[in-house]
Amino acid sequence: MIWEIKLAVLLVILVCAVAAITVRDLLGAGILFGAYSFMMCLQWLAMGAVDVAFTEAAIGAGISTAFFLAAVFRTTRRTKD
Amino acid sequence: MKKLTLAAVVIAGLLLALTTLDFPRWGDPQTPASMHVSARFIEKSLEEMATPNIVTAVLGDYRAFDTMLETIVVFTAGLACFFILRTRMTREDLEPAAPENDPLDLAGEDLVIKTVARTFIPLIQLFGLYVLAHGHYSPGGGFQGGVIFAAAYILLAVSHDMKTALRHMSERASHLLSAAGVLLFAGIGVICMTNGVNFLDYGGLAGILGMSLATGHSFAILLIESGVALTVTAALIMIFKLLSSHGTVQEGF
């Protein structure tokens, strides 16, 4: 993969990670975490670890986002701190 | 206090980034990791384990014990969520005056969402089966296939409602399936032992069924991957049901 794209993906990872812990809306945090996982999946792919990328896409970006959303819908969207 | 925390995090991050300078170069053949065990896996895995995909050969054959215990970890995680989240109360007990216009309940009424979900669920399940069956040859395997299968079920639960989802797989069924997967995995190991070889040495299965060693390995890997997929699917479905229904597993979504 072209190194500019890899660098851009890495920057998006950093932005998503920082945003996911600073954002007040928990629904937004869950979605940002999904985006973070998907960008991680692209990085694994760029390093040639296709199996890991596959697992990251399925678990991190797919199922765990669904779990976060389910938990947010059943509890609260606001964080206390 | 907040500034102190920030400073600690930044310093720790910088130290971690500094440590990466000491790492061996990317793809360096002189590192310990690629000198000892990796070379053996790359050179010998096809003739020793008769598995084309090296990752599957390592996970399913060389470290089958590890994978089996990982499956048990997933099973235990599902069980732990059950014990923590499950309540005997119904939803009416929890929310005595449930608001009439609950935005989530509208999801069950939308014809477009229902139709699209009904179109896509079989395709997602087919893809899950493909990933499961091709773990022997290409990236994928039981874990990923099982997760994709669970995602199809979650799409059903989200697009319709929990009642429809429970009609397709009851709570009891998901518990039984998650245990059955672990049992299938360990059972293959025990069956191999009856032929006089080690636990999870798939050569034994080939001897029992009277097939060639390569076929036996491929068959055994398909079976254990199916076990992993069963456990993962059922455990994830169980966790989703508990999370999305306040632990009552009756309504919700």
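Scroll up for the structure.
Residues numbered from 1 in each chain as written. Chains lettered and ligands numbered in written order. Predicted model: local features only at pLDDT ≥ 70, side-chain atom pairs only at ≥ 80, totals over all residues. Heavy atoms only, no water.

Details of the packing of helix α4 (residues 54-62) of chain B against helix α12 (residues 213-244) of chain B
Residues and elements named next belong to chain B.
Now for step 1: Interaxial distance between α4 and α12 falls to 11 Å at its minimum, and their mutual angle equals 80 degrees. When the interaxial angle is binned, α4 and α12 end up roughly perpendicular. Taken together, the residues of α12 that come into contact with α4 (itself represented by Thr56, Gly60 and Asp61) are His217, Ile221, Ile224 and Glu225.
Now for step 2: In terms of residue class, the contact of α4 with α12 is built from two nonpolar, three polar and two charged. (Axes fitted to C-alpha atoms, helices over the stretch in contact; angles between N-to-C directions. Helix = DSSP H or I, 4+ residues; strand = E, 2+ residues; numbered from the N terminus. Parallel < 35°, antiparallel > 145°, perpendicular 65-115°, else oblique. Contact = heavy atoms within 4.5 Å. Nonpolar A, V, L, I, M, F, W, Y, C, P; charged D, E, K, R; others polar.)

What to know about the environment of Ala53 of chain A
Residues and elements named next belong to chain A.
Now for step 1: With respect to the element layout, Ala53 can be found in helix α3 (residues 50-74).
Now for step 2: Sequence separation of Ala53 and Phe38 is 15 residues, and the distance between their C-alpha atoms is 8.9 Å.
Now for step 3: Residues contacting Ala53, with those up to four places away along its chain left out, are Cys41, Trp44 and Leu45.

So, the packing of aromatic side chains
Now for step 1: Per the stated rule, a full pass over the model turns up seven aromatic pairs over all chains.
Now for step 2: Summarising the aromatic geometry, the rings of Phe67 of chain A and Phe240 of chain B are spaced 6.4 Å apart at their centres and angled 25 degrees between planes, so their arrangement reads as stacked. A residue pair is termed interchain when its members come from two chains, as with Phe67 of chain A in helix α3 and Phe240 of chain B in helix α12. The exposure classification of Phe67 of chain A matches that of Phe240 of chain B, with both residues buried.
Now for step 3: In textbook terms, an aromatic cluster arises when at least three aromatic residues are bridged by ring pairs, as seen for Phe33, Tyr36 and Phe68 of chain A. (Phe/Tyr/Trp six-rings, centres within 6.5 Å; stacked < 30°, edge-to-face > 60°. Buried < 20%, exposed > 50% of the residue type's maximum accessible area, 1.4 Å probe, protein only.)

Quick word on the layout of surface pockets
Now for step 1: Empty space within the largest pocket amounts to approximately 1000 Å³.
Now for step 2: Along the wall of the largest pocket there are 41 residues; nearest its centre are Ala49, Asp51 and Val52 of chain A together with Val55 and Leu59 of chain B.
Now for step 3: Looking at the lining of the largest pocket, the elements with two or more residues in it are α3 of chain A together with α2 (32-35), α3 (37-49), α4, α5 (64-85), α8 (142-159) and α12 of chain B.
Now for step 4: No other element matches α4 of chain B, which puts six residues into the lining of the largest pocket.
Now for step 5: Residue classes in the lining of the largest pocket are distributed as 21 nonpolar, 15 polar and five charged. (1 Å grid on protein atoms, 1.4 Å probe; cavity = no way out; pocket = protein on both sides within 12 Å on 5 of 7 lines; lining within 4 Å. Points joined across faces, edges and corners; volume = space filled by probe spheres on them.)

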